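Okay, here's what each chain looks like letter by letter:
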Amino acid sequence: MKVLVINPGATSTKIAVFEEDQQLFKLGLDHSAEELDQFDKVIDQADYRKKAILDAVAEAGFQLSDFDAVCGRGGLYRPIRHLCRQRQGHARCGDRSLR
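The notes below deal with the structure included here. (Residues numbered from 1 in each chain as written. Predicted model: local features only at pLDDT ≥ 70, side-chain atom pairs only at ≥ 80, totals over all residues. Heavy atoms only, no water.)

### Some points on the side chain of K2
Line of reasoning, step 1. Mapping K2 onto the fold places it in strand β1 (residues 2-8).
Line of reasoning, step 2. Buried charge without a partner: K2 forms no salt bridge, and the closest opposite charge is E19, 4.1 Å away.
Line of reasoning, step 3. Residues contacting K2, with those up to four places away along its chain left out, are V17, F18, E19, L24, F62, D66, F67, D68 and A69. (Helix = DSSP H or I, 4+ residues; strand = E, 2+ residues; numbered from the N terminus. Buried < 20%, exposed > 50% of the residue type's maximum accessible area, 1.4 Å probe, protein only. Lys, Arg positive; Asp, Glu negative; His and termini not counted. Salt bridge = Lys/Arg side-chain N within 4 Å of Asp/Glu carboxyl O. Contact = heavy atoms within 4.5 Å.)

Spelled out as structure tokens, the structure:
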């Protein structure tokens, strides 16, 4: 199972890719005060951080379809809808988790 792990912090976003217990990729994305000052609320950073994550993952040679799961720390982000799909042997996101 290949997992994308996301840890959004105050001024950085750390991401890693694991396959089973082996780390395949790790990166810290720093966000300057100037970049973050354009957002009134933390939740307003979601699209900005999502783009940074998706760009970094693609640059590392991964496609979203490579991942069996995405794990994120924090409570402000919803599941990424296009990653929630039924896969044999794995649970899928239900409608309630996408609200």
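Still more ground to cover, so stick around.
### Concerning unusual backbone geometry
Line of reasoning, step 1. Here E20, not a glycine, exhibits a phi torsion of approximately 55 degrees, which is positive.
Line of reasoning, step 2. Along the polypeptide, E20 turns up in the loop between β2 (12-19) and β3 (22-30).

### Re the packing of aromatic side chains
Line of reasoning, step 1. Considering all chains together, one arrives at three aromatic pairs under this definition.
Line of reasoning, step 2. Arranged with centres 6.1 Å apart and planes meeting at 55 degrees, the rings of F25 and F62 form a pair that is tilted. Highlighted residues: F25 in strand β3 and F62 in the loop between α2 (46-59) and β4 (69-72), separated in sequence by 37 residues. The same class applies to F25 as to F62, namely buried.
Line of reasoning, step 3. Assessed through its relative accessible area of 14%, F62 is described here as buried.
Line of reasoning, step 4. Joined through ring pairs, the aromatic side chains of F25, F62 and F67 make up one cluster. (Phe/Tyr/Trp six-rings, centres within 6.5 Å; stacked < 30°, edge-to-face > 60°.)

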